[in-house]
Amino acid sequence: MHHRGGHTPFYNSKALELAGVHKDTPNPPGGTFDRDASGELSGRVTDRARSVFSKVGERRTFTADQKAQRDRDGLAYISKQFVRYGLTSVHHEGGNLSALQQVRARGELLHRVSYEATGNVLDAMIASGIATGLGDEWIRFGATSEHTADGSFSERTMALSKTYPGVEPPYQGNIIETQNDLNAWVERVHRGGIQVNCHANGDVAINMVLTAVERAQQLFPRSDARPKITHCTLINDDLLRRIKAAGVVPAVFTSYAYYNTDKFHFYGEDLMKRCMAFRSFLDAGVPAAAGSDFSPGPFDPRMGVQGMVTRTGWNGQTWGANQRISVEEALRINTINGAYNSHEEAIKGSITSGKLADFVVLADDPHTVDQDKIKDIEIVRTVVGGSTVYTA
Ligand SMILES: [Zn+2]
């Protein structure tokens, strides 16, 4: 059973047995086989400890044709859903690039894609000299997919400089790879003219990514590289200063403030004051963008804006109210800052003469409606490139 956050599945005793994991199995670097108070395996497995399970058990298999068909059908389906919720451009974490082009050719790609490469596609880009920016206004190579530096915010495995409140034995989260490996990856991508994108939630991981980014810039200066940190959840004043100095573009959880509010008591108000720190980013002049992190977080931008403005969740709890921003600021983060994040602010992100005609018509004004009702405003129409792609 997988947590929707994607870092911490639960396995039953049969699966643990098949994988050869028992109560005395040591935790690998960057992951844990969790134990209960009596030292028995609880079944919860975190981050890098998961890899032993990929080699055991049976999974459904598909032919190459079936896989391609599923990829095309999935992309056409999610594109319909995106525009239904008012999204006109989305930064895609990988996916089948060939299927994406076929869906577009069939006229079923309704939203624009900043394609974030990983694996074979990223290797091929580096080998063949394809840099960030190649493509057109529908499908364009953007940053890389998230290169994972630490664990998860919602699943409480992110790397903290202090121990997790109330957890025994003392635990500080999972760091996924060494500083040297992270440095090498960042340097290789940065030298290829490709926008670096690392997943970092905890202050320890953000520090590691900044160290790698600062090093790469020093070795191989490139103007306007806009290194991206996805999530960039827990910051402090020193990290914020370095983020600004390195020209980092954080893509910060938006819908979490509303959706994951029942998890925040595990961190406590002191840490939550520095988490999803939109107010701090804007005040420091850092162009933070919106990161739904779908599928871990809902992608509905209305839920995102409501959470960013109120910091109040579905259960009525408010965490880190000091990080509240205005409706106007939340809208800019979801539009022009997103365009800046993928180097597309010249053609996207505002309704201006000379830019693409991508916009959404809402039934009510988010500036004036009750702030607890922003997520319920009806989307009347979504327009991409001057064509209506959704009507209520
Ligand atoms: Zn991530």
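For clarity, every value in this text was computed on a predicted model and none was experimentally measured.

**Thoughts on unusual backbone geometry**
Logical step 1: Along the chain, glutamate 168 connects to proline 169 via a cis peptide bond; the corresponding omega equals -10°.
Logical step 2: If you trace the backbone, proline 169 turns up in the loop between β6 (147-148) and α5 (179-191).
Logical step 3: Positive phi, normally seen in glycine, also occurs at arginine 156, with a value near 65°.
Logical step 4: Exposure remark for arginine 156: the 19 C-beta atoms within 10 Å place this residue in the partly exposed category.
Logical step 5: A positive phi angle, near 85°, is found at histidine 231, a position not held by glycine.
Logical step 6: Note that histidine 231 resides in strand β8 (residues 228-231).

**Observations regarding the sheet that holds strand β4 (residues 112-117)**
Logical step 1: Sheet architecture is open: three strands sit in the order β3-β4-β5, paired in parallel fashion. With one partner strand each, in any of the chains shown, β3 (89-93) and β5 (139-144) form the two edges of the open sheet. Strand after strand, the sheet turns through a mean of 30° between neighbouring axes, direction not considered.
Logical step 2: Where β3 meets β4, five bridges bridge the pair, whose relative direction is parallel.

**A look at the environment of asparagine 260**
Logical step 1: The topology assignment puts asparagine 260 in the loop between α8 (256-259) and α9 (269-272).
Logical step 2: Residue class for asparagine 260 comes out buried when judged on the 21 C-beta atoms lying within 10 Å of it.
Logical step 3: With 81 residues separating them along the chain, asparagine 260 and asparagine 341 place their C-alpha atoms 25 Å apart.

**Brief notes about the sheet that holds strand β13 (residues 387-391)**
Logical step 1: Taking strand neighbours across the sheet as the criterion, the three strands line up as β11-β12-β13 in an open arrangement whose pairing is antiparallel. Looking at strand neighbours, the two that pair on one side only are β11 (359-362) and β13, the edges of this open sheet. Pairwise comparison of adjacent strand axes, ignoring direction, gives a mean angle of 20° for this sheet.

**Description of the packing of helix α6 (residues 203-219) against helix α7 (residues 237-245)**
Logical step 1: Where α6 meets α7, the axes come as close as 11 Å, and the angle between the chain directions of the two elements is 30°. Regarding the angle of α6 to α7, the classification is roughly parallel. As α6 packs across α7, the resulting crossing turns out to be left-handed. Contacts between α6 and α7 involve Asp203, Ile206, Asn207 and Leu210 from the first element and Leu239, Arg242 and Ile243 from the second.
Logical step 2: When its residues are assigned to classes, the contact of α6 with α7 shows four nonpolar, one polar and two charged.

**Quick notes on the domain arrangement of the protein chain**
Logical step 1: Assigned domains within the protein chain: domain 1 (1-61) and domain 2 (74-144).
Logical step 2: Relative to domain 2, the C-alpha centre of domain 1 lies at a distance of 33 Å.

**Concerning the nonpolar core**
The nonpolar side chains of a soluble globular protein tend to be buried, and buried together.
Logical step 1: Counting 78 residues, the largest nonpolar core has Ala205, Ile206, Val209 and Phe278 as its most contacted members.
Logical step 2: Valine 209 has contacts with Ala149, Leu182, Cys198, Ala200 and Ile229, leaving out every residue within four places of it along the chain.
Logical step 3: Core analysis: the next-biggest nonpolar cluster, separate from the first, contains seven residues, Tyr11, Ala19, Phe33 and Val45 among them.

Definitions and limits used
- Residues numbered from 1 in each chain as written.
- Predicted model: local features only at pLDDT ≥ 70, side-chain atom pairs only at ≥ 80, totals over all residues.
- Helix = DSSP H or I, 4+ residues; strand = E, 2+ residues; numbered from the N terminus.
- Buried ≥ 20, exposed ≤ 12 C-beta atoms within 10 Å, placed from the backbone.
- Pairing = 2+ DSSP bridges.
- Axes fitted to C-alpha atoms, helices over the stretch in contact; angles between N-to-C directions.
- Parallel < 35°, antiparallel > 145°, perpendicular 65-115°, else oblique.
- Left-handed = near helix turned anticlockwise from the far one by under 90°.
- Contact = placed C-beta atoms within 7 Å.
- Nonpolar A, V, L, I, M, F, W, Y, C, P; charged D, E, K, R; others polar.
- Domains from an automatic or database assignment.
- Core = buried A, V, L, I, M, F, W, Y, C linked by C-beta atoms within 7 Å.

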